[in-house]
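# Residue-level structural notes
Spelled out from the first residue to the last, the chains are:
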Amino acid sequence: MGEKDKLEHFEQAILPHLDAAYNLARWLTRNEHDAQDMVQEAYLRAFKFFDGFHGADARAWLLTIVRNTCYTWLDQNRARDMTTPFDEEIHTTEDNALNPSAMALKSSDMEMLKQSLEQLPAEFREVIVLRDLEEFSYKQIADVIDIPLGTVMSRLARARERLKRILCARLKEKP
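Because the structure is a prediction, the values reported are computed rather than measured.

## Describing the pattern of salt bridges
Enumeration over the complete set of coordinates arrives at eleven salt bridges. Put simply, E126 and R67 hold a salt bridge, and the shortest N to O gap is 2.8 Å. Placement of the pair is E126 in helix 7 (residues 122-133) and R67 in helix 4 (residues 58-77), with a sequence separation of 59 residues. This pair shows no difference in class: E126 is buried, exactly as R67 is. Close ionic contact of K139 with D143 constitutes a salt bridge, the shortest N to O distance being 3.0 Å. Of this pair, K139 and D143 both sit in helix 8 (residues 138-145), four residues apart, roughly one helical turn. The exposure class of D143 is partly exposed, given its relative accessible area of 44%. A network of salt bridges, in which partner residues are shared, links R67, E123, E126 and R155.

Definitions and cut-offs
- Residues numbered from 1 in each chain as written.
- Predicted model: local features only at pLDDT ≥ 70, side-chain atom pairs only at ≥ 80, totals over all residues.
- Heavy atoms only, no water.
- Salt bridge = Lys/Arg side-chain N within 4 Å of Asp/Glu carboxyl O.
- Helix = DSSP H or I, 4+ residues; strand = E, 2+ residues; numbered from the N terminus.
- Buried < 20%, exposed > 50% of the residue type's maximum accessible area, 1.4 Å probe, protein only.

What follows is the structure, encoded as structure tokens:
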């Protein structure tokens, strides 16, 4: 495949996912400019390794690169964002707990959701963004993050529980 053909094929397969790439990078970096830089870096990496892409799920393939690019950058620049302190309350579950991110997405207060998501550690933000905002399946999330399916489900449950607590606390504070 010539360089021109490669570029054309790359543009057709990968460019349509620019919004999803930026969305994930934005939530992971918590900064518009850093997210733009991460997406640009990820697209350069994706083009460089495009010969290794064999027509699978282009969106998942790209978001895997975006995620890895962001985590490499976060590790080098903001290592404190990479850790999640253990909180016993978060690890308890309620049988009929509502999906807080879905609830907030349907509400009119998107700013409250944005601020609440910003408070979550990166590993929790990414699963909520991929599942509830990008509508990835659990399997796709497992592939992008490179963790077992069961870990995706438990991490998502913990992330939603923490988000629910943050949202409830914010609602109580609201005048």
